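Listed here are the chains, written in short residue letters.
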Amino acid sequence: MSANDFSLSNLAQAEGEVQAAAQVAAARVERLLRQSFENSNHAVAKYQDLLRARGPDAVIGILEDRKGWGDRVYHFGFLKHGFFQFEKQRQVRQSLAELPKAIQDHAQLLTQLQDLKAARRNLVDREDARRFERPDDDPDRPSPRDRPRR
């Protein structure tokens, strides 16, 4: 979809829908982080910081232990390990497995939201430029620069 396909109200409506979807995706990521890490508030804050600073691929790499488990512990803290609580351990593993897809979905929605905001700004700028441009079809009309000053 391009900016030409939308009116300003349609862009605003689409922006609102994507914003709501992004909030739902962010809540899902936060829920999965809270299920996985001991210090859940720290993990959520670190996720938001890393997502802004490095992007979704870096966050997913840290959570998947691409550089080793020490990198994950350094950034997010320790996993919830219930010793001899096998159901809790299974739930933590399942949450960690779901996190990359949830983070990717959240990042895609944030990108769509930024694109919609940019399209809306471009549409407003084009409408403003069109409104203030001088029509060239009337050669007898003096330009504002040609008017005498008072």
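Up top is the structure these notes are about.
Note that the coordinates shown come from a computational prediction; the quantities given were computed from them, not determined experimentally.

What am I meant to see in the environment of H106 here?
One can find H106 in helix α5 (residues 86-132). Under the relative-accessibility criterion, H106 is labelled buried at 7%. Linking H106 and V29, residues 77 residues apart in sequence, is a C-alpha distance of 7.9 Å. Excluding its chain neighbours within four sequence positions, the residues that come into contact with H106 are A22, A25, A26, V29, Y47 and L51.

Mind showing me how you'd approach the side chain of E15 here?
By the secondary structure assignment, E15 is in helix α1 (residues 8-36). Sequence-distant contacts of E15, defined by excluding residues within four places in its chain, comprise L113, L116, K117 and R120.

I tried to follow helix α2 (residues 40-54) on my own but got confused; where do I start?
For an α-helix, the turn length of 3.6 residues means that residues three or four places apart are oriented alike. The end-to-end C-alpha separation of α2 is 20 Å, in line with the 21 Å expected for 15 residues at 1.5 Å each. When α2 is considered as a whole, its buried residues turn out to be S40, A43, V44, Y47, L50 and L51. Burial along α2 is one-sided: seen end-on, the buried residues are contained in an arc of 135°. Seen from the buried face of α2, the exposed residues on the opposite side, beyond 90 degrees, are N41, R52 and A53. Summarising the contacts, the buried residues of α2 are in contact with α1, α3 (56-63), α4 (69-76) and α5. Two residues or fewer past α2, G55 is found with a positive phi of approximately 95°.

Conventions we followed
Residues numbered from 1 in each chain as written. Predicted model: local features only at pLDDT ≥ 70, side-chain atom pairs only at ≥ 80, totals over all residues. Heavy atoms only, no water. Helix = DSSP H or I, 4+ residues; strand = E, 2+ residues; numbered from the N terminus. Buried < 20%, exposed > 50% of the residue type's maximum accessible area, 1.4 Å probe, protein only. Contact = heavy atoms within 4.5 Å. Expected span 1.5 Å × (residues − 1). Arc of directions from axis to C-beta.

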